[in-house]
Structures are given as structure tokens and as C-alpha cells.
Amino acid sequence: MLSSSTFGDPGKMRDYHYTGPVEHRFSPYSFNGGTVLAVAGEDFAIVASDTRLSEGYSIHSRDSPKCYKLTDTTVVGCSGFHGDCLTLTKIIDARLKMYKHSNNKTMTSGAIAAMLSTILYGRRFFPYYVYNIIGGLDEHGKGAVYSFDPVGSYQRDTYKAGGSASAMLQPLLDNQIGFKNMEGVQHVPLTQEKAVQLVKDVFISAAERDVYTGDALRVCIITKEGISEQTVPLRKD
Amino acid sequence: MALQDLCKLQEVLVDRLSAGCSSEPFGTTTGCNYVSGSPFSDAGMFHFYIPAAEYLEESPIRFGQIRPVRSVGAASSPDSPALSWPPGLPLASSHCVPLPFPMAHGTTTLAFLFQGGVMVAADTRSSCSGLVACPASQKILPIHSHLVGTTSGTSADCALWKRILARELRLYQLRHGRRVSTSGAAKLLARMLHPFKGTELCVGATLCGWDGGAAGGGRDPGKNPSSVSGASLCYVCSDGTRLQGALFSVGSGSPYAYSILDQGVKWGLTVDQATAVAREAVYRATHRDAYSGNCVDVYRVSSEGWTRRTREDLKEEYYREEERRGRPSE
């Protein structure tokens, strides 16, 4: 278990030179890598994640997708510490069932987002080390993406990347979907086919440069017909 | 009220639906349903796991309605409300678990009083030790129709505590039939944050509101012009500071904003002039402060409530400035 206590460097090992006796405290956290991405369109939403589960220099599994289906219109992508991801998704599932039994209706994406925010903040002083992104359809049938930080701050976006390669992917999405920093371009709305192709290209690029991202890509496309999944191979090295 | 009451500290997502649900009588004047010894019966409202320490033992001062709650079965006298941990949980050391990730910090927010109410402005960049986590975050959160709060510090803390404050103010309004004044709301927020002093909770908020009804009732009318208008401004910080004033700027970009505000703010400004000053202050601060940037939000609170100006991207302003000066800005 790594004692990863340097900010902004999740999972990276310290330099190996002798600085004197060092006491290694037990750290309850570990970084298992992975990247998650979500894009919202006019009447669809896409949540995609790679399937590599790593720790330090090892790969635990090549088939561990990070998208979890919550309802027929909502998928959550969780990356970070796998133990916390599993527990958090179990808690969300339980709360969804409780809501369904008390209120006789399924939770909407916005309600799930608000609930997840309070669940995460409930552990403000011992947080879940999970970067969540919820993708789904809102009550009007339009695509919605909600991105979270590990302690529950959230907001609604059009697109968001989270996880180990997020800093590489987010600028690319800003440019291609948000048309940021481009002069004189026509802002065409994103079609579903173009969005899926963009997501695949973006993950192929991420796998090139991020060691924690690779193996395969799982894409979940949420439309009013339901959730369809595709798996695309990525670099395995 | 304070999170300690809501979550009782002992529970880690254990739903005690049966235990102690009705140990509190419901005949109190407020009819509150905070029960002792167990979280809300609709399980999981706000379970707080705090690996905490002695400074959290004291009960916070409450707002008046709630009786001190005791854990069911805990043999505690009124003098020593001890925290009792369930035996299975490990007792963490007095400082919290070191986190492997940074929180979002860094901002410029400002607010000032003028004849047309309160002018509030903030940037929209949310940064996380060098990375811009969100270029379009909202740092001015409306709490109710006549109260707006700016957020600075950790965005998760600010967002959640504003929600809690909004709920408490609404409950007060329903129970007592009148709105809490801005300084009352500031006092409530400061009291709620007090138990968490010393932890890493980081909230620096300015509450900007209009106290309606008997405007400025109780204040000496000759003292300052704002007592006639009802506009009110209070700064609350998680370290316990609570200040009332006429001009505040909070955040890493505040020194730059203060210089513009000190020069430009006068009581007699028109709404357009005040908007221009606020916008200019945020613009200059975003230019010089690395952790502030992107867009600017401007709100105004008056007797009719709060109104919002469309979010403006400051990138255009830089180019306009460049053209005006005829040379590239640094």
C-alpha cells in the first residue's frame, strides 16, 4: 500500500534517495487509476471509462469497468480508490431502492446528483477517494452530466473528464465540444455518432500518454430507448 | 442545526430505524422532529463519520428551538456530554486522515453597499492546486429571495453549508413568520461552523441581504445611511470571524480587488456605475491572481430581491483593453 500523501501526484512514487529514517504511516487510501468521461447531448448522454485496475506498478485487472448503471436513465462513473468506489455504488444502490419504495418512483438524475453530494459530504473528514461523474437524461429528456469532487461539490456540465488522465482529456474536450479558444468556427451541436467517435479517439490518446489508462474502453450510451454498451480495445502496455 | 446534532457522530451509515425514534416529546412549541440518539428515521439524511477529537465534545450553542439531545443509553450527565464511539470503530488520531487529493480553493469575491442595495461580484474559476477544476463554477449562491452569499474556500464546504443555512432560515421563517435578518443569518452560520473550528473545514462567506419589513428596525436611523435602506453585509469565516461592514472582498484575489473598490465605491453610485466598479475590480483581480479567472458574475440585492447580470467572459475584455491601449497588456 503506497502512502500517497503528496497533493496532485496521485499514485506516483517518491524519489528514491536516502533522506534519513522515515516513518511510513498506514494510509487507508490507495490509488487504483482509471479515467472516466461523460458527455451530454441534446437527447443522449455518454459515459465512458477504461477498464484497467492498477496499483503502483502492477495491473490487478484488465477488465474492471468503472461505469455503474444506476437506473434506466442514469450511469455513474467512479474512478480513484476502487474500494471506495465499490462501497459508494452499493450505498447509492441501497438509497435508490429506499427512495423507490418510499416514493414509488425512480430517482431522476438531478436528484441522484444531489443525494450523492450529501453522501460524499457525510464523510467530509474521512472522504471517499472517488471522482464521480454522473451521466444521464433529465426529466425533459435532455442529456445531463454532473461532475463531483471527492467531498461532494458538484455541478451540472455538458462534458467532463475525471480520473488519472483527466488533465489531459479535459482541454481536448474543451476545444472539441466547447469550442473554446477557437476563432471563427461554427458551433454545430454534437450528434450522437460524432460524440461516440470523439470519446473513442480521446481515450486512445489518453492511453498513449497515461500509464493508468488502457486495456479496453467501455462506452455506455444513454438514450430514451435505454442504455447500450460498447467495448473497444485500447493499448495493453 | 449543527451537523453533530444531525448525525450523532457515532454512526457510520447505520440506520437505526427502531431505536429511540420517539424519545423526544413532540409537544414542544417548535414541533421539531430532531430525535435523540438516532439519525433521522428516513435513514441516511446526514450521517457524518468524523474521526474526531476532544474539541468536538462540546455541544454547540443552538438557535433556541432544539433541546440538547443525548444519545440513547449513554450514561452521560448534562455536564459531560461525552462522545461514545461504538467499540468496533478505530479511534483515529486527533488530526484527520491525510488526504491524497487537494481541495478546490482560490477565488475573488467582493460585495459592497450603495444606495441601490448591495452589489455582489465574483469570478468563476475553481482551482485545485494548479489545475482548474472548473472554469464555470458558481460562487454566488442565493439563499433566499433577499439573501445571497458568496463562497470562498473549499467549494464543497461552502455549497453544503449554504444549503444547511438556507434550510434553517426557511424553518425559522415558517415557525416565526418573519425572515431572519442578515446579521442574524450570519450569527447562525458562525455558530453552526464553530464546532468545526480547528478542522480543515474552510468557509469564507459574505452574506449580502436586504432586511425587509421594518427596514433597519432597531438601528439608530441617524447613524449610517444603510439603516434606511435595509441593505446589510456580513462576513463570516470558519475560524469564527463575524464582521458587519459596508465593503468586503474575500479570496486570493482580494488585495487587487480592494484597490479598485477603495478608489471607486461611494454611497451615491448609480446601479450601472456600481456594476462597472464591481466588474472592474474582479477583472483586475483575475488579471493578476493566478487562482481567479474565467468569467465574472454580478448580482444585486435590493428591496425587490436579488437580480443577476448575465455571466460575462472576461477573455473578451482583455482583448478590448489591448485595443484601447494600443499595446499588449502584460
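Calculation notes
Residues numbered from 1 in each chain as written. Chains lettered and ligands numbered in written order. Predicted model: local features only at pLDDT ≥ 70, side-chain atom pairs only at ≥ 80, totals over all residues. Heavy atoms only, no water. UniProt positions renumbered as here; feature names shortened; annotations may be inferred. Helix = DSSP H or I, 4+ residues; strand = E, 2+ residues; numbered from the N terminus. Buried < 20%, exposed > 50% of the residue type's maximum accessible area, 1.4 Å probe, protein only. Contact = heavy atoms within 4.5 Å. Areas by Shrake-Rupley, 256 points an atom, 1.4 Å probe, with all protein chains shown as cover. Pairing = 2+ DSSP bridges. Axes fitted to C-alpha atoms, helices over the stretch in contact; angles between N-to-C directions. pLDDT = per-residue confidence, 0-100. Parallel < 35°, antiparallel > 145°, perpendicular 65-115°, else oblique. Left-handed = near helix turned anticlockwise from the far one by under 90°. Salt bridge = Lys/Arg side-chain N within 4 Å of Asp/Glu carboxyl O.

- The name an unreviewed UniProt entry gives chain A is Proteasome subunit beta, with Cyclopterus lumpus as the organism.
- According to its UniProt record, chain A has this under Function (unreviewed entry): "Component of the proteasome, a multicatalytic proteinase complex which is characterized by its ability to cleave peptides with Arg, Phe, Tyr, Leu, and Glu adjacent to the leaving group at neutral or slightly basic pH. The proteasome has an ATP-dependent proteolytic activity."
- As its UniProt record puts it under Subunit (unreviewed entry), chain A is described as follows: "Component of the proteasome complex."

## Some points on the overall build of chain B
Then, in step 1: A count of helices and strands for chain B gives 7 helices and 12 strands.
Then, in step 2: For chain B, the proportion of its 330 residues judged to be buried stands at 50%.
Then, in step 3: In chain B, the share of contacts with a sequence separation of at least 24, taken over all contacts with a separation of at least 6, comes to 69%.
Then, in step 4: In the structure as shown, chain B presents an accessible area of about 14800 Å², 54% of it carried by carbon and sulfur atoms.

## Structural notes on the sheet that holds strand S7 (residues 130–137) of chain A
Residue and element names in this part refer to chain A.
Then, in step 1: Read across the sheet, 5 strands follow the order S5-S6-S7-S8-S9 without closing on themselves; strand pairing throughout is antiparallel. Each edge of the open sheet carries a strand with a single partner, namely strand S5 (67–71) and strand S9 (154–157). Mean inter-strand twist for the sheet, computed between neighbouring axes without regard to direction, equals 25°.
Then, in step 2: Inspection of the sheet shows S5 paired to strand S6 (residues 74–80) by 4 bridges, in the antiparallel sense.

## Looking at the side chain of Ser-54 of chain A
Then, in step 1: Mapping Ser-54 of chain A onto the fold places it in strand S3 (residues 53–55).
Then, in step 2: Setting aside its immediate chain neighbours within four residues, Ser-54 of chain A contacts Phe-31, Asn-32, Gly-33, Ile-59, His-60 and Tyr-212 of chain A.

## A word on the confidence of the model for chain A
Reading fine detail from the predicted coordinates is not recommended where pLDDT is low.
Then, in step 1: Of all residues in chain A, 93% have pLDDT values of 70 or greater, and the mean over the chain is 89.
Then, in step 2: Every residue in residues 1–8 of chain A is under pLDDT 50, and counting partners more than four places away or in other chains gives 22 contacts.

## A closer look at the sheet that holds strand S9 (residues 242–244) of chain B
All names here are of chain B.
Then, in step 1: Ordered by their spatial adjacency, 5 strands build an open sheet running S5-S6-S7-S8-S9, and the pairing between neighbours is antiparallel. Each having just a single partner strand, strand S5 (140–144) and S9 make up the two edges of the open sheet. Sheet twist, expressed as the average angle between the axes of neighbouring strands with direction ignored, equals 20°.
Then, in step 2: Two elements, strand S8 (residues 231–237) and S9, share 3 bridges in a ladder whose sense is antiparallel. The residue of S9 that forms the bridge with Val-236 is Arg-242.
Then, in step 3: Against the sheet, helix H3 (residues 182–193) contacts strand S6 (147–150), strand S7 (204–210), S8 and S9, and its axis sits at roughly 155° relative to S7.

## Comments concerning the pairing of S7 of chain A
Residue and element names in this part refer to chain A.
Then, in step 1: Of all 8 residues in S7, 7 are buried; the element is thus mostly enclosed.
Then, in step 2: Relative to S7, S6 runs antiparallel, the two sharing 7 bridges. By the bridge assignment, Ser-79 is partnered in S7 with Tyr-131.
Then, in step 3: Pairing between S7 and strand S8 (residues 143–148): 5 bridges, direction antiparallel.

## Thoughts on the confidence of the model for chain B
Residues and elements named next belong to chain B.
Then, in step 1: Scored by pLDDT, chain B comes out at a mean of 71, with 62% of its residues at no less than 70.
Then, in step 2: Mean pLDDT per element in chain B: helix H1 (residues 3–7) is the minimum at 53, and S9 is the maximum at 94.
Then, in step 3: Low pLDDT (under 50) marks residues 214–223, which in the prediction has 12 contacts with non-local residues, meaning those over four places away or in another chain.
Then, in step 4: Here the prediction assigns the complex a pTM of 0.74, and the interface score ipTM is 0.78.

## Description of unusual backbone geometry
Note: most peptide bonds trans; most residues except glycine with negative phi.
Then, in step 1: For Asn-181 of chain A, which is not glycine, the phi dihedral falls at a positive 60°.
Then, in step 2: As for its position among the elements, Asn-181 of chain A is in the loop between helix H3 (166–176) and helix H4 (192–209).
Then, in step 3: One non-glycine residue with positive phi stands out, namely Asn-294 of chain B, at about 70°.
Then, in step 4: Along the chain, Asn-294 of chain B turns up in the loop between helix H6 (271–288) and strand S11 (295–302).
Then, in step 5: The class of Asn-294 of chain B is partly exposed, set by a relative accessible area of 25%.

## Re the packing of helix H2 (residues 109–121) of chain A against helix H2 (residues 155–176) of chain B
Then, in step 1: At a minimum axis distance of 11 Å, the contact between H2 of chain A and H2 of chain B shows a crossing angle of 110°. As far as their axial angle goes, H2 of chain B and H2 of chain A are roughly perpendicular. Judged by the twist between their axes, the crossing of H2 of chain A over H2 of chain B is left-handed. Each of Ala-114, Ser-117, Thr-118 and Tyr-121 of chain A in H2 of chain A lies in contact with H2 of chain B, whose residues at this interface are Ala-156, Asp-157, Leu-160, Trp-161 and Arg-163 of chain B.

## Section: the pattern of salt bridges
Residue and element names in this part refer to chain A.
Then, in step 1: One pass over the full model with this rule turns up 19 salt bridges over all chains.
Then, in step 2: Among the ionic pairs, Arg-52 bridges to Asp-215, the shortest N-O distance being 2.9 Å. Of this pair, Arg-52 sits in the loop between strand S2 (45–50) and S3 while Asp-215 is found in the loop between H4 and strand S11 (216–223), placing the two residues 163 residues apart along the sequence. Grouping residues by exposure puts Arg-52 and Asp-215 together as buried.
Then, in step 3: Salt-bridge contacts for Asp-237 lead to Arg-235; the nearest nitrogen and oxygen are separated by 2.7 Å.
Then, in step 4: Residue Asp-237 is classed as exposed on the basis of its relative accessible area, which comes to 60%.
Then, in step 5: Arg-235 sits in the partly exposed class, given a relative accessible area of 37%.

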